[in-house]
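One letter stands for each residue in the lines below.
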Protein chains: 6
Amino acid sequence: MSAIQSERPAYFSKYPSIRFERDDDGVLVLSFHKDGGPLTFTAQEHEAFVDAFYDVSRDRDNKIVILTGAGGDFMPGIDFNSFGDVSDPDVWSKVHDEGTQILENIANIRVPVIWALEGKAHVHAEYGLLANLIVAGEGATFNDLPHFAGGIIPGDGVFTLWSYFVGPGRAQAMLLDPKPMSAREANALGVVAEVVPDGRALERAREIARTYLTRTEVTRRNTRIHFIQPIKERIVREVGYGLALEGASAAALVKSFRAK
Amino acid sequence: MSAIQSERPAYFSKYPSIRFERDDDGVLVLSFHKDGGPLTFTAQEHEAFVDAFYDVSRDRDNKIVILTGAGGDFMPGIDFNSFGDVSDPDVWSKVHDEGTQILENIANIRVPVIWALEGKAHVHAEYGLLANLIVAGEGATFNDLPHFAGGIIPGDGVFTLWSYFVGPGRAQAMLLDPKPMSAREANALGVVAEVVPDGRALERAREIARTYLTRTEVTRRNTRIHFIQPIKERIVREVGYGLALEGASAAALVKSFRAK
Amino acid sequence: MSAIQSERPAYFSKYPSIRFERDDDGVLVLSFHKDGGPLTFTAQEHEAFVDAFYDVSRDRDNKIVILTGAGGDFMPGIDFNSFGDVSDPDVWSKVHDEGTQILENIANIRVPVIWALEGKAHVHAEYGLLANLIVAGEGATFNDLPHFAGGIIPGDGVFTLWSYFVGPGRAQAMLLDPKPMSAREANALGVVAEVVPDGRALERAREIARTYLTRTEVTRRNTRIHFIQPIKERIVREVGYGLALEGASAAALVKSFRAK
Amino acid sequence: MSAIQSERPAYFSKYPSIRFERDDDGVLVLSFHKDGGPLTFTAQEHEAFVDAFYDVSRDRDNKIVILTGAGGDFMPGIDFNSFGDVSDPDVWSKVHDEGTQILENIANIRVPVIWALEGKAHVHAEYGLLANLIVAGEGATFNDLPHFAGGIIPGDGVFTLWSYFVGPGRAQAMLLDPKPMSAREANALGVVAEVVPDGRALERAREIARTYLTRTEVTRRNTRIHFIQPIKERIVREVGYGLALEGASAAALVKSFRAK
Amino acid sequence: MSAIQSERPAYFSKYPSIRFERDDDGVLVLSFHKDGGPLTFTAQEHEAFVDAFYDVSRDRDNKIVILTGAGGDFMPGIDFNSFGDVSDPDVWSKVHDEGTQILENIANIRVPVIWALEGKAHVHAEYGLLANLIVAGEGATFNDLPHFAGGIIPGDGVFTLWSYFVGPGRAQAMLLDPKPMSAREANALGVVAEVVPDGRALERAREIARTYLTRTEVTRRNTRIHFIQPIKERIVREVGYGLALEGASAAALVKSFRAK
Amino acid sequence: MSAIQSERPAYFSKYPSIRFERDDDGVLVLSFHKDGGPLTFTAQEHEAFVDAFYDVSRDRDNKIVILTGAGGDFMPGIDFNSFGDVSDPDVWSKVHDEGTQILENIANIRVPVIWALEGKAHVHAEYGLLANLIVAGEGATFNDLPHFAGGIIPGDGVFTLWSYFVGPGRAQAMLLDPKPMSAREANALGVVAEVVPDGRALERAREIARTYLTRTEVTRRNTRIHFIQPIKERIVREVGYGLALEGASAAALVKSFRAK
């Protein structure tokens, strides 16, 4: 309907660790990166991504969103120290509020979302699981580094999303003993829709995006709204509480360090 | 308990595209057909099936229900034009009301339901997914022709049911890029309980029905009620909204046609 | 944090069919047994297990719980007659109340629970499915003897739990035609996390428990609380009604016997 | 849109205790009666009303529905004996199924419903509480005769509806100690929208109905659908279980009679 | 904790119809206005308020939010024409998306919200009902002009919120026959916490805000989060569907105009 | 059915601050006290009441439960210091677990519960709101001392219960600015069923209990189960999260004290 505005919206330049590219059809590629290479997740991203996904959701010139990484990885690592003293209730209050809001904001992107996954999705894989379709390079792997492995609970939605996709048995097992799951395994479990050669995920995602573009905008938007509704309800019910429990767990971890 | 009444109830003759057969044990075979061959779904069926499933649900002489097709297919196609101008809000109001009601009425059949599937279930497979057990001929295939392939959203419960059975990853992938899923694939995914040679699904369903008949009527009814409760709650929460979103999508599609 | 009390709590000696063993780290092994051999489930256990699981849940000296059987089986059989006249509404009222309470009490064990399964889990497998991780001997099998096979509905949570773990298609099929499912099948379906040689499940569960002990107590407790929340909500919504429907079904079964 | 068909639909003559009158605008007055006087509710109505409300809901020529009684009362009494031996599980199975279905069918009347209440609503007041607006004669009273007063639980939705309208405190108090509540009290509590002189409720309801007719049919239907959605969800979650609990309670009552 | 930044954030100047004022304690007064006088709500506000409330929610320098109007009224009127052709599915898609998002964004303001109400709240009173406390001038009135009075359904959350606050009986009655409700009536119903002389609501709200400031920031934030959780869940379940139904109703209204 | 055992169960002597009295009909009076006078709530009661209510719930010789206080008050005060360092995550973990469990255990008392209220219910009034009927002396008052007044959030269920009984408007207002509410006000709001002269509440509760005893035990139990189901679902969804948020708030309060 409306032509895509030729100028770049202001938010395209607002977030240091996100690169935005949008073609004339409104297919937005949102790439996480650090200086063009793989992103190490920090507290800065935890704050910034809340608004970034909101900005994406509110811009009706985005017709389809492709989520991806840079430098061959989606999100390979996390810098815990950047979060500061997570046993400080004021610090965790911010984590709690951002953590619930970020998943709601991704869920509220009301156009089809495709996850073009390359390499390691070892941190916040649940962001990608809120896509409607996942295309993965064959070397891609899923894991959950930040939680049980690091001594805190996987309460930020990562359990909610994995349980939704692969059932509670597998979700609990993988989160209690985090090990990389390959793209092929994830494909066999119905999580990944297509496995492509490494380095081809984005290209394939673009192809798929083009097929969606043949539908009307309302069809694309409402399909997303309908598909996301059940998990959006679960996010609202489960993630805030999960993050509050995770905060107490983080405080206990800090206490145990200090006791040593 | 009560002997099955020998005379045929009036509704057995009420619906041109449904053939009813009931044996002395109360096993009702409900076959969709068009002139004895495979049924092409039209607006007439959309209206008629609401009441047909209600009539079946209300007749306590039905002890077990077997759902099947005719001419070697369950439901191979749909005639969109029969629905009229789906961008007319009065037309879609009827579609919305019938569409929510039909799934509730199938869910409210309070005896075990077996789907004896042969051939193509390419339209409204969700009707069959409300069965408690699926027996499929080996050539049977599942697909979803009427929605994303046709330019509108799969909001009538087809996503709700597939997501419930195979998880959201597979459900989204198959509805966004509809391709036939074979009976064997569906069996591997736990959707189809048994694959039988083509043409034998009904016979096998009858055999299974006979094993159920050894339980008391209350056991059969209450088992169904218990099994259906979680998905009935989801239908009530998700399908009305889904159909309303689908209606807007249909209006947008008509608008796009007219703009050409 | 707190040292485990050296003396055994009183409830360790309270239940004839449960053996409790707790090591110095607070890993509690809870073994069902009858005179040291496999347990045949009776009405006495139905009552006793309610309180036993509550006692376990309330004792903060339990840091991790391992659930297992004795004599090479988890729970191979059930003695229906022990329940008395299940068509008597006063009798079933007790069954209903205990049946809902027992699952809530297991769900409220707020430390990680591991199911070390050997042999037959042919009765009340849903107790074990409330664990966070399942380790099974390779000869272990799952089944559901007490319900549809015996003429009553599987309304006590066994459907709710199986449906949660393997989806509604498989859950309905297995409960309507109960047959043993092997540990390897369950592993392939994501239910069993690890298959070990027969007789090694408990040992392996202990090893896993030790890895959990490296996390703080709050992390362990809150992980359990977060993981169990979605199924706890379903238990509260579905199991009471299921048991009420099962009670009517049991009364109908007794009526049918008397009519013969 | 469509002119109201001049001939009376078949269901207008199908139910001995319901009188149907429809004017040219599609305002349907549905009056409960016995031989033209006040209706004493029996098992025959319990079965018939299920289908009657379904027929009303399915007839798109009904534009607005007014529910009322006859002979100056809505429903003053109930004949328990007509239900037969309610301790027989087959008898109660029917009560359970009908009881859940009847409330769902009223909820699914997708046009505005007005309750024109005169006299005693002492049985199944919850039917009327599913209206969107209540006009009551000043001598009208609400009560609940069939349940706690008669020795069984108010599980058929009467608690669900009263709790929804006046809060759980008042609902529990009135159902545990049933006494007539006057129209003026109900008006002060927000239940009754208007109190009119005795004998004028129907006339006033017709006036209100005429104001609704100035809106489009889709507006009228969708307003009803939106207003009813929250309570429809509660009905689906609460009423089946409530009726199952009521059935056990009825069986216990019969047992206590027989023990005397 | 953090001192309130002295400079005004950019969003304070972003929205023509909102005036922001924040004192040194972080009490933000958010006033709707048009050129300093009472606001007539238009499509521009429908879009702008989505982001405005989001900006407010994301700015942790806001410690308490007071919502009010200007020129002696909260929101006295609406300009329907500004929304354009609401029967166009693309137009309504935007209304639907914004309408759901705006209520979620208000709900996600994670600090106490006080509504200082003066004059007419005749449009979008539900925005104010998402406050935690309402102080009203004695001449204030509540009403709902935009929906049933205008021929469309009150599906944007106004029913959900009124039903939550005054029960479904009053909510349905007032929305089906919109008439001003006075501050004193609303106070008697528990909606308005305090009635003050006209023109004093803001001053009183500031006093109350100061009492909240004596609590810690986490206490203030988490109290809001806890209080809003139940209605946030209902908003997510009910409002999207309500707006979709309202869209169909709007299309039908336009159709009826064109038919004249 | 079963005669009440003449000997007193062991739990009658287990809890220093609870006096149990049971008459021959099984009417249990559970009185909170400290040395026979009004109870000041401490951490010891927080732990003990969990098990006390569980013991009550599990003893089928309790036919009706009357909850009351001693010395003319229900619960007039609280000793915060007894809880220790509530900013210690291990301390709060225990508070969280007990706090959620205590409300579930009261909800699971499956016989009618009557609250015979005298004097001050200024701490944990929500325990009493889980009764089915409240009889109050005319000098009785409700309040909430431990939360917002003390600087932490009312997250332990007190909001959930008050909101359920008097709606969210009044609940938020009273919890944000705690002031005593009189028995007569509570009666006018439908919370208190009967106001009696001071000192007569227990006597009146016993009279009411006797009327309940004329119903069968199953009727009494199942009525309670049905009435409590909706709020039990809300407790499970809301209270754990509320307590986790309250814990963070308590930690922030301690931090603010230490900063002074």
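Just so you know, these numbers come straight off a predicted model, no measurement behind them.

(A) Up close: the overall build of chain A. Looking only at helices and strands, chain A features seven helices and 11 strands. Its C-alpha atoms give chain A a radius of gyration of 18 Å, near enough to 18 Å, the size a compact globule of 260 residues would have. If one aligns the C-alpha atoms of chain A with their principal axes, the spans along those axes are about 60 × 40 × 35 Å. Burial statistics for chain A: of 260 residues in total, 71% are counted as buried. Taking as baseline every contact in chain A between residues at least 6 positions apart, the subset at least 24 positions apart corresponds to 73%. Of the roughly 8,100 Å² that chain A leaves accessible, carbon and sulfur atoms contribute 50%. Taking the average location of the 28 positive side-chain charges in chain A and that of its 35 negative ones, the two points are 4 Å from each other.

(B) Layout of the interface of chain B and chain D. Taken together, the contact pairs 29 residues of chain B with 29 residues of chain D. Summed over both sides, the interface between chain B and chain D buries roughly 2,600 Å², with carbon and sulfur atoms accounting for 46% of that surface. It is Tyr-54, Arg-58 and Arg-60 of chain B in chain B that bury the most area against chain D; as a group they hold 22% of the surface buried on that side. At the boundary of chain B and chain D, one finds eight salt bridges. Close ionic contact of Asp-97 of chain D with Arg-221 of chain B constitutes a salt bridge, the shortest N to O distance being 2.9 Å. At the surface where chain B touches chain D, the tally comes to 28 residue pairs in polar contact (both at pLDDT 80 or more). The leading source of residues in the side of chain B that touches chain D is helix 2 (residues 89-107) of chain B, at 11 residues. Taken together, the residues that form the side of chain B that touches chain D break down as seven nonpolar, seven polar and 15 charged.

(C) Expanded view of the relation of the copies chain A and chain E. Overlaying chain A with chain E gives an RMSD of 0.0 Å, the required rotation being 180° about an axis along which the chain moves by 0.0 Å. The superposition operator between the copies reduces to a two-fold rotation axis. Closest to the rotation axis within chain A is the C-alpha of Glu-233 of chain A, separated from it by 3.6 Å. Most of the interface of chain A is mirrored in chain E: 100% of its interface residues are interface residues there too.

(D) Structural view of the interface of chain A and chain E. In this complex, chain A contributes 29 residues to the contact, which on the side of chain E involves 29 residues. Contact between chain A and chain E buries roughly 2,600 Å² in total, counting both sides, with carbon and sulfur atoms accounting for 46%. Considering only the side of chain A, the residues that lose the most area to chain E are Tyr-54, Arg-58 and Arg-60 of chain A, jointly responsible for 22% of the buried surface there. The interface formed by chain A and chain E includes eight salt bridges. Close ionic contact of Arg-60 of chain E with Asp-97 of chain A constitutes a salt bridge, the shortest N to O distance being 3.0 Å. Inspection of the chain A/chain E interface yields 28 residue pairs in polar contact (both at pLDDT 80 or more). Where the side of chain A that touches chain E is concerned, the elements lending two or more residues are helix 1 (43-58), helix 2 (89-107) and helix 7 (217-259) of chain A. Here the element with the most residues in the side of chain A that touches chain E is helix 2 of chain A; it accounts for 11 residues.

(E) Representation of the sheet that holds strand 4 (residues 64-68) of chain F within the structure. Residues and elements named next belong to chain F. Spatially, the six strands line up as an open sheet ordered 1-2-4-6-8-11, and their pairing is mixed. The open sheet has two free edges, formed respectively by strand 1 (18-22) and strand 11 (194-196), since each of these has just one partner strand. Strand after strand, the sheet turns through a mean of 20° between neighbouring axes, direction not considered. On the sheet, helix 1 (residues 43-58) packs against strand 1, strand 2 (27-32) and strand 4 and is oriented at approximately 175° with respect to strand 2.

(F) View of the sheet that holds strand 4 (residues 64-68) of chain A. Residues and elements named next belong to chain A. Strand order in the open sheet made by the six strands is 1-2-4-6-8-11, with mixed pairing throughout. The two strands at the open ends of the sheet, each matched to only one other strand, are strand 1 (18-22) and strand 11 (194-196). With strand direction ignored, the average angle separating the axes of adjacent strands in the sheet is 20°. Bridge count between strand 1 and strand 2 (residues 27-32): five bridges; the pairing is antiparallel. The residue bridging Ile-18 from the neighbouring strand is Phe-32, located in strand 2.

(G) Looking closely at the side chain of Thr-100 of chain F. Positionally, Thr-100 of chain F belongs in helix 2 (residues 89-107). Setting aside chain neighbours within four positions, we find Thr-100 of chain F in contact with Arg-110 of chain C together with Val-239, Gly-240 and Leu-243 of chain F.

(H) Structural detail: the arrangement of the chains. There is a gap between chain A and chain D: no contact, and a shortest C-alpha distance of 15 Å. Nothing in chain C touches chain E; the tightest C-alpha to C-alpha distance between them is still 15 Å.

(I) The pattern of salt bridges, seen in detail. Under the counting rule described, the total for this entry stands at 126 salt bridges over all chains. We note a salt bridge from Glu-104 of chain B to Lys-232 of chain D, for which the minimum N-O separation is 2.6 Å. One end of the pair, Glu-104 of chain B, is in helix 2; the other, Lys-232 of chain D, is in helix 7 (residues 217-259), on a second chain. Each member of the pair, Glu-104 of chain B as well as Lys-232 of chain D, is classed as buried.

(J) Region of interest: helix 2 of chain F. With 19 residues, helix 2 of chain F should cover 27 Å at 1.5 Å per step; its first-to-last C-alpha distance of 27 Å lies within 8% of that length. Where helix 2 of chain F starts, the residue carrying a side-chain oxygen 2.8 Å from the main-chain nitrogen of Asp-90 of chain F turns out to be Asp-88 of chain F.

(K) Just the confidence of the model for chain A, in detail. Confidence along chain A averages 96 in pLDDT terms, with 98% of residues attaining 70 or more. ipTM for the predicted complex: 0.96, alongside a pTM of 0.97.

(L) Up close: the environment of Ala-149 of chain E. Assignment of secondary structure puts Ala-149 of chain E in the loop between strand 9 (141-142) and helix 4 (158-176). Note on Ala-149 of chain E: relative accessible area 48%, which makes it partly exposed. In sequence terms Ala-149 of chain E and Leu-175 of chain E are 26 residues apart; their C-alpha atoms lie 8.3 Å from each other. Beyond its immediate stretch of four places on either side in the chain, Ala-149 of chain E contacts Arg-215 of chain D together with Asp-144 and Pro-178 of chain E.

(M) Spatial organisation of helix 4 (residues 158-176) of chain A. Residue and element names in this part refer to chain A. Over its 19 residues, helix 4 runs only 12 Å from end to end, short of the ideal 27 Å by more than 12%, given 1.5 Å per residue. Along its length, helix 4 reaches its greatest deviation from straightness, about 130°, at Gly-167, and the proline Pro-168 lies no more than four positions downstream. Burial runs high along helix 4: 18 of the 19 residues are buried.

(N) Local environment of the environment of Pro-230 of chain D. Along the chain, Pro-230 of chain D falls in helix 7. Overall, the relative accessible area of 9% leaves Pro-230 of chain D in the buried class. Sequence spacing of Pro-230 of chain D and Tyr-164 of chain D is 66 residues, and the spatial spacing of their C-alpha atoms is 9.8 Å. With residues up to four places along the chain from it excluded, the contact list for Pro-230 of chain D reads Tyr-164 of chain D together with Phe-159, Arg-234 and Glu-238 of chain E.

(O) Just the side chain of Glu-246 of chain A, in detail. Relative to the helices and strands, Glu-246 of chain A is located in helix 7. Although Glu-246 of chain A is buried, it makes no salt bridge; Arg-215 of chain C carries the closest opposite charge, 13 Å away. Here Gly-155 of chain A takes part through its backbone nitrogen, which lies 3.0 Å from a polar atom of the side chain of Glu-246 of chain A. When near neighbours in sequence (up to four residues on either side) are disregarded, Glu-246 of chain A contacts Trp-92, His-147, Ile-152, Ile-153, Pro-154, Gly-155 and Asp-156 of chain A.

(P) Spatial organisation of the packing of helix 7 of chain A against helix 2 (residues 89-107) of chain E. The interhelical angle for the contact between helix 7 of chain A and helix 2 of chain E, taken along N-to-C directions, is 30°, at an axis separation of 10 Å. With respect to helix 2 of chain E, the element helix 7 of chain A is oriented roughly parallel. The handedness of the crossing between helix 7 of chain A and helix 2 of chain E is left-handed. Mapping the contact onto sequence places Glu-217, Val-218, Arg-221, Ile-225 and Lys-232 of chain A in helix 7 of chain A and Pro-89, Asp-90, Ser-93, His-96, Asp-97 and Glu-104 of chain E in helix 2 of chain E. Within the contact of helix 7 of chain A with helix 2 of chain E, the residues separate by chemical class into three nonpolar, two polar and six charged.

(Q) Summary view of unusual backbone geometry. Positioned with a positive phi, Asp-35 of chain E is a non-glycine residue whose angle comes to about 50°. Looking at the secondary structure, you find Asp-35 of chain E in the loop between strand 2 (27-32) and strand 3 (40-41). Despite not being glycine, His-124 of chain F shows a phi value in the positive range, around 50°. Within the element layout of this structure, His-124 of chain F appears in the loop between strand 7 (120-121) and helix 3 (125-129). Exposure remark for His-124 of chain F: the relative accessible area of 7% places this residue in the buried category.

The rules behind these values
- Every residue gets a number counted from 1 within its own chain, in the order that chain's sequence is written.
- Key to labels: chains lettered from A, ligands numbered from 1, both in the order written.
- Local features in a predicted model are, by the rule used here, given only for residues with pLDDT of at least 70; side-chain atom pairs are given and counted only at 80 or more, and totals for whole chains, interfaces and linings are based on all residues.
- Calculation of side-chain values draws on the structure's entire complement of heavy atoms; hydrogens and water are dropped beforehand.
- The numbering of helices and of strands both runs from the N terminus, where a helix is a DSSP run of H or I of at least 4 residues and a strand a run of E of at least 2.
- Throughout, radius of gyration means the C-alpha value; the globule benchmark is 2.2 Å times the number of residues raised to the power 0.38.
- Residue burial is assigned from relative accessible area. The probe radius is 1.4 Å, only protein chains are included, and a residue is buried under 20% of its type maximum, exposed over 50%, and partly exposed in between.
- What makes two residues a contact is simply this: any of their non-hydrogen atoms within 4.5 Å.
- Surface accessibility in these figures is a Shrake-Rupley result with a 1.4 Å probe; residues are shielded only by whichever protein chains are displayed.
- His residues and chain termini do not enter the charge count, which takes Lys and Arg as positive and Asp and Glu as negative.
- Positions of charges follow a simple convention, taking NZ of Lys, CZ of Arg, CG of Asp or CD of Glu.
- By convention, the term buried area covers the 1.4 Å-probe accessible surface removed from two parts as they join, with the contributions of both added.
- Salt bridge, as used here, is a side-chain nitrogen of Lys or Arg placed within 4 Å of a carboxyl oxygen of Asp or Glu.
- Nitrogen and oxygen atoms within 3.5 Å of one another constitute a polar contact, given that in protein one can donate a hydrogen and the other can accept it, and given that sequence-neighbouring residues count only through two side-chain atoms.
- In this count, Pro and Cys sit with the nonpolar residues alongside Ala, Val, Leu, Ile, Met, Phe, Trp and Tyr, while Asp, Glu, Lys and Arg are called charged and the others, Gly among them, polar.
- Least squares is the method used to superpose the copies, on C-alpha atoms of residues holding a pLDDT of at least 70 in both.
- Strands are labelled as partners when DSSP assigns at least two bridges between them.
- Only the stretch in contact is used when a helix axis is fitted, and all axes are lines through C-alpha atoms; the angle between N-to-C directions ranges over 0 to 180 degrees.
- One less than the residue count of a helix, multiplied by 1.5 Å, gives the span that helix is expected to have.
- For every residue, the pLDDT score states the predictor's confidence, bounded by 0 at the bottom and 100 at the top.
- We define the bend at any residue as the angle between the axes fitted to the seven residues before and including it, ending there, and the seven starting there.
- When an angle is under 35 degrees it counts as roughly parallel; over 145 it counts as roughly antiparallel; between 65 and 115 it counts as roughly perpendicular; any other value is oblique.
- Note: crossing handedness is left-handed where the near helix turns anticlockwise from the far helix by less than a right angle, and right-handed where it turns clockwise.

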